Protein chains: 2
Amino acid sequence: MRCYRAAVAPDRRVPTLADVARHAGVHPATVSRTLSRPELVAPATRAAVLAAVEALGFEPNLPARQLARGRTDAIGVVVPDITNPYFAAIVRAVQRSAHDLDLAVLIADTDGDPAAEARALATLARQVDGIVAVTPTSEPDAGRVPVVQVNRRSRRTPSVVVDQRAVVDLALDHLAALGHRRIAVVRGPGTYWSAARRDRAVEQRAERTPRPKLRLDPIGPVPPTFAGGVDAFAAATQRSTAVVAFNDLQAAGLVVAAHRAGVAVPDACSVIGSDGLDIAAMTAPGLTTVAAPLDALGDIAVEQLGALLRGEAARGVVTLTPTLVERHSTAAPPRTR
Amino acid sequence: MRCYRAAVAPDRRVPTLADVARHAGVHPATVSRTLSRPELVAPATRAAVLAAVEALGFEPNLPARQLARGRTDAIGVVVPDITNPYFAAIVRAVQRSAHDLDLAVLIADTDGDPAAEARALATLARQVDGIVAVTPTSEPDAGRVPVVQVNRRSRRTPSVVVDQRAVVDLALDHLAALGHRRIAVVRGPGTYWSAARRDRAVEQRAERTPRPKLRLDPIGPVPPTFAGGVDAFAAATQRSTAVVAFNDLQAAGLVVAAHRAGVAVPDACSVIGSDGLDIAAMTAPGLTTVAAPLDALGDIAVEQLGALLRGEAARGVVTLTPTLVERHSTAAPPRTR
DNA sequence: TTGTAGGCGTTATCAC
DNA sequence: GTGATAACGCCTACAA
């Protein structure tokens, strides 16, 4: 069996600023300046320095730079589960935006465990300048570094959230327009900030009683997973002609459970999801869903964090508006046909 | 609107080793020792130091430590797209294993762009001790830091791969046992190492002609996506009674396309996926699939990298064996019923 | 425009 | 067992 070893440079250690300076015949400080503030250095020396940098293949040692500068130029992002497409989408957006700001991204996956979350925060806090926390179930405390929260608002930190009332209205208005009058609304976990928020929106909607008047059946709380959706199907379709899921995973579960039960979607039962994940397009029929602006969620979180890092004030709470994506899991209720 | 600023400690700067030393009435070196090699310090002093650490809320400055130690205790992982559940699963595994080794994880998402990939590698290489590269389309060159590749073998670096021949055999044997004799095999992108590998396995299988003799229809190359699967459906079912997809995303697309075309799965057409993602359980019918040991892929990659970092030799190539997960997208071909 | 010098916070090698 | 001291590699007033 072939074996491999770390490719240790056989003789030459990695070049430092001093090496470059020697090679270019200038002082180390000049090299440093050439790299960080080129405009402060004469074109001729600059060229010489850059040539030397090139020749030696010099790359600044980041820990040294971080130590001297007092910052890491990295941010952390903590999510419960990176394999959940919802969080993956946010992480991707964060990663991109951070990259545009020349910030590295450290990631921590907490498995949804509050203890792991606290640990992750503490660990991250020591090696990044700021943190984007996507922690549905608990409020993060990162100690010294600034935090921006996604999908949870708090008094202590800026945050960017999705307007849950708009989610509810978009879903219910759509179903109402199709002719549904009795609608099951699947609740998310009681521990989720956004679920609590949505519950309230549903209650308020019931109180506001806009026309047409809807009868709303709260179901659950139900885990925000595919399995949760499967399990909730029976209860959800007991009395209602349509179901609003807490998220797309649940909605996909509902659709599959309907299929198994021989219930036609959307003809016998409408299902509407939430989040607008890619998988919503991958069910049969394709899922009508209330799409959250996932990229924007991440982008704005990073933007806010960037402002904080520059010492600027960040807006307290940014509320993003969802949009309805119509596919084929919703239609008029059976009796009106 | 409420505004927030970075929580700058109003008066007290963050405590350093020297502060702790002063507080405990010992020399800074003793504090350092207490933290990194407690067994070398007298119990009494140790207690005093730890008390001081506690009292001041001291946490070592990582960049300083990294500079002094000459290592970062972090690894990087680069993937084409973190929102692809396949890569997300690997990242999760990497993240966990790394955590167990007290290594932080930096993540880079390259969007499948080779240029971005090279950039990501270069950037990562400067801030981590090693890299796990999941780059299906190209061979990474990270310069000075050791690299372990996932799902691609190379002469230069250790790697951990899935046995593509076993994937092919598992899928074809399963279909053959059900009675299928003419089977479409959807090819992955020509740029993927694993796709090339699988193509070869398919060819070899055709040559080996085990009984029963199968007629294999290669389809594509087809993008390894849901849309790719949808598009490939017509061609794949032209002449065959079963389709082997390149991965689960494609398989899900095939199933949905079948549904749209009014073709019953598995009664009229069997579909088998590959990878064993969560979404394979989320289609209707549930996807029979050849599951790759995704967690093991990540775990072993980190393990190998860990060995490299400790200066030990790593095994050259670790080949992992997939397993068949039977669900409900495969059945006997129509004519045998 | 460039050089000087001190410091960033920790570790490691010595003596004591 | 503990203290002194010199790196680690870079940055940045400040001086020239």
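The shown structure was predicted, so the numbers you read here are calculated from the model rather than taken from an experiment.

Definitions and limits used
Residue positions are counted from 1 within each chain, in the order its sequence is given. A letter from A marks each chain and a number from 1 marks each ligand, given out in the order of writing. Local features are withheld for residues below a pLDDT of 70 in this predicted model, meaning they are given only at 70 or higher, and side-chain atom pairs are given and counted only at 80 or more; totals for whole chains, interfaces and linings count all residues. Side-chain measures were taken over the full set of non-hydrogen atoms in the model, leaving aside hydrogen atoms and water. Numbering of helices and strands runs from the N terminus; a helix is a DSSP stretch of H or I covering at least four residues, while a strand is a stretch of E covering at least two. The classification of residues rests on relative accessible area computed with a 1.4 Å probe and restricted to protein chains. Under 20% of the type maximum is buried, over 50% is exposed, and intermediate values are partly exposed. Residues count as neighbours in contact if any of their non-hydrogen atoms are within 4.5 Å of one another. Areas reported here follow the Shrake-Rupley algorithm with a probe of radius 1.4 Å; residue values treat only the protein chains shown as occluding. Working convention for charge: Lys and Arg count positive, Asp and Glu count negative, and His plus the chain ends are omitted. Charge positions come from single atoms, namely NZ of Lys, CZ of Arg, CG of Asp or CD of Glu. A pair of strands is labelled paired if DSSP reports no fewer than 2 bridges between them. Only the stretch in contact is used when fitting a helix axis, every axis being a line fitted to C-alpha atoms; angles between N-to-C directions are given from 0 to 180 degrees. Copies overlap after least-squares fitting; the atoms used are the C-alpha atoms of residues with pLDDT of at least 70 in both. The arc in question is formed by the directions pointing from the helix axis toward the C-beta atoms. In these notes, residues near a molecule or strand are those with any non-hydrogen atom within 4 Å of it. Whenever a nitrogen or oxygen atom comes within 3.5 Å of another N or O atom, the pair is scored as a polar contact, on the condition that within protein one atom can donate a hydrogen and the other can accept it, and that pairs from neighbouring residues in sequence are kept only if both atoms are in side chains. Residue classes follow a fixed rule: Ala, Val, Leu, Ile, Met, Phe, Trp, Tyr, Cys and Pro count as nonpolar, while Asp, Glu, Lys and Arg count as charged, and any other residue, Gly among them, counts as polar. Domains are outlined according to an automatic or database domain assignment. Here the buried area means the combined drop in accessible surface, using a 1.4 Å probe, for two parts upon being joined, counting both sides. Take a side-chain nitrogen of Lys or Arg and a carboxyl oxygen of Asp or Glu: if they are within 4 Å of each other, that pair is a salt bridge. The term nonpolar core refers to a set of buried residues drawn from Ala, Val, Leu, Ile, Met, Phe, Trp, Tyr and Cys, joined through side-chain atoms within 4.5 Å. Each residue carries a pLDDT score, the predictor's own confidence in it, on a scale running from 0 to 100. In what follows, roughly perpendicular refers to angles from 65 to 115 degrees, roughly parallel to angles under 35, roughly antiparallel to angles over 145, and oblique to any angle outside these ranges. Crossing handedness is defined as follows: a turn of the near helix away from the far one that is anticlockwise and smaller than a right angle gives a left-handed crossing, while the clockwise case is right-handed.

A. Geometry of the overall build of chain A. Counting its regular elements, chain A contains 11 helices and 14 strands. By its C-alpha atoms, chain A is 85 × 55 × 40 Å across when sized along the principal axes. Scored against the burial criterion, the 337 residues of chain A give a buried share of 55%. Long-range pairs, those at least 24 residues apart, make up 68% of the contacts in chain A between residues at least 6 apart in sequence. Summed over all atoms, the accessible surface of chain A reaches about 14,700 Å², with 51% contributed by carbon and sulfur. Charge centroids of chain A, computed over 39 positive and 33 negative side chains, lie 3 Å from each other.

B. Up close: the sheet that holds strand β14 (residues 323–325) of chain A. Residue and element names in this part refer to chain A. Read from one edge to the other, the open sheet built from 6 strands follows the order β8-β7-β9-β10-β11-β14, with strand pairing classed as mixed. Of all strands in the sheet, those bounded by a partner on one side alone are β8 (215–219) and β14. Pairs of neighbouring strands in the sheet enclose a mean axial angle of 25°, with direction left out of account. Relative to strand β10 (residues 270–275), strand β9 (residues 242–244) is paired through 3 bridges, and the arrangement is parallel. The residue bridging Val-244 from the neighbouring strand is Ile-272, located in β10.

C. View of the relation of the copies chain A and chain B. Under the fitted operation, chain A is carried onto chain B by 0.0 Å of movement along the axis and a turn of 180°, and the coordinates agree to an RMSD of 0.1 Å. Both copies are brought into coincidence by an operation consistent with a two-fold rotation axis. Comparing contact sets, 100% of the residues at the interface of chain A also lie at the interface in chain B, consistent with an isologous, same-surface contact.

D. Geometry of helix α2 (residues 28–36) of chain A. Residue and element names in this part refer to chain A. Burial in α2 covers these residues: Thr-30, Val-31 and Thr-34. For α2, the buried positions fall inside an angular range of 100° around the axis, keeping them on one side. For α2, the elements touching its buried residues are α1 (17–24) and α3 (43–56).

E. View of the protein's contact with DNA strand C. Neighbouring residues of DNA strand C: 21 residues in total, closest A:Thr30, A:Thr45, B:Leu17, B:Ser32 and B:Arg65. Close to the protein, within 4 Å, the atoms of DNA strand C are drawn from sugar and phosphate at a rate of 67%. Here a phosphate oxygen of DNA strand C and a side-chain polar atom of A:Thr45 are 2.6 Å apart. Classifying every residue of the surface near DNA strand C by side-chain character gives 12 nonpolar, 6 polar and 3 charged.

F. The arrangement of the domain arrangement of chain A in detail. Residues and elements named next belong to chain A. Assigned domains within chain A: domain 1 (1–62), domain 2 (74–160 + 294–320) and domain 3 (164–293 + 323–336). Each of domain 2 and domain 3 has a C-alpha centre, and these two points are 28 Å apart. Tallying the contact residues gives 13 residues for domain 2 and 10 residues for domain 3. With both chains or domains summed, domain 2 and domain 3 bury close to 1,100 Å², and 64% of this area falls on carbon and sulfur atoms. Where domain 2 touches domain 3, the interface holds 0 salt bridges. At the boundary of domain 2 and domain 3, one finds 5 residue pairs in polar contact (both at pLDDT 80 or more). Secondary structure elements with two or more residues in the side of domain 2 that touches domain 3: α5 (85–100) and α11 (294–309). Each residue belonging to the side of domain 2 that touches domain 3 can be placed in one class, and the counts come to 7 nonpolar, 3 polar and 3 charged.

G. Looking closely at the sheet that holds strand β10 (residues 270–275) of chain B. All names here are of chain B. The strand order across the open sheet built from 6 strands is β8-β7-β9-β10-β11-β14, with neighbouring strands paired in mixed fashion. Both edges of this open sheet fall to β8 (215–219) and β14 (323–325), since each of them pairs with a single strand only. Averaged over all adjacent pairs, the angle separating strand axes in this sheet is 25°, with direction ignored.

H. Region of interest: the nonpolar core. Formed by 128 residues in total, the largest nonpolar core has its most connected members in A:Val160, A:Ile183, A:Leu297, B:Val160 and B:Leu297. It is helix α10 (residues 248–261) of chain A that provides the largest number of residues to this core, a total of 8 residues. Leaving out residues up to four positions away in the same chain, A:Val160 has contacts with A:Val148, A:Gln149, A:Val150, A:Asn151, A:Leu297, A:Ile300, A:Ala301, A:Val318 and A:Leu320. Listed in part, the 30 residues of the second largest apolar core include A:Val78, A:Leu106, A:Leu121 and B:Ala142.

I. Representation of the side chain of A:Gln66 within the structure. The topology assignment puts A:Gln66 in helix α4 (residues 62–69). Taking relative accessible area as the criterion, A:Gln66 reaches 11% and is therefore assigned buried.

J. Molecular detail of the pairing of strand β11 (residues 288–291) of chain B. Residue and element names in this part refer to chain B. Residue alternation in β11 divides its side chains into two sets, Thr-288 and Val-290 and Thr-289 and Ala-291, and both sets are buried. With 3 bridges connecting them, β11 and β14 associate as antiparallel partners. Looking at the pairing, Thr-289 lines up with Val-325 of β14.

K. Region of the structure containing the interface of chain A and chain B. Facing 63 residues of chain A, the contacting portion of chain B comprises 63 residues. Summing the contributions of chain A and of chain B, the shared interface buries around 5,300 Å²; its carbon and sulfur component is 60%. At the boundary of chain A and chain B, one finds 4 salt bridges. A salt bridge links A:Asp111 to B:Arg96; the shortest N-O distance between them is 2.9 Å. Linking chain A with chain B are 8 residue pairs in polar contact (both at pLDDT 80 or more), by the criterion used here. For the side of chain A that touches chain B, the secondary structure elements donating two or more residues are β1 (3–4), α4, α5, β3 (104–109), α6 (114–127), α10 and β12 (314–315) of chain A. The residue inventory of the side of chain A that touches chain B, partitioned by class, reads 33 nonpolar, 14 polar and 16 charged.

L. Region of interest: the protein's contact with DNA strand D. Close to DNA strand D lie 22 residues; A:Leu17, A:Ser32, A:Arg65, B:Thr30 and B:Thr45 are nearest. Backbone atoms, meaning sugar plus phosphate, form 65% of the atoms of DNA strand D positioned within 4 Å of the protein. In the environment of DNA strand D, a phosphate oxygen lies 2.8 Å from a nitrogen or oxygen atom belonging to the side chain of A:Ser32. Contact distances for DNA strand D include 2.9 Å between a base nitrogen and a side-chain N or O atom of B:Arg33. Put simply, the parts of the chain that give the surface near DNA strand D at least two residues each are α2 and α4 of chain A together with α2 (28–36) and α4 (62–69) of chain B. Sort the elements by how many residues they give to the surface near DNA strand D and α4(A) lands first, with 4 residues. Residue composition of the surface near DNA strand D, grouped by class: 13 nonpolar, 6 polar and 3 charged.

M. Up close: the confidence of the model for chain A. All names here are of chain A. In the predicted model, chain A carries a mean pLDDT of 91, and the fraction of residues at 70 or more is 95%. Ranking the helices and strands of chain A by mean pLDDT puts strand β11 (residues 288–291) first, with 98, and β1 last, with 41. Within the model, the stretch residues 1–11 combines pLDDT values under 50 with 25 contacts to residues more than four positions away or in other chains.

N. View of the packing of α4(A) against α4(B). The interhelical angle for the contact between α4(A) and α4(B), taken along N-to-C directions, is 140°, at an axis separation of 8 Å. On the basis of their axis angle, the class for α4(A) and α4(B) is oblique. You can see that α4(A) and α4(B) cross each other, and the crossing is left-handed. In contact with A:Pro63, A:Ala64, A:Gln66 and A:Leu67 of α4(A), α4(B) contributes B:Pro63, B:Ala64, B:Gln66 and B:Leu67.

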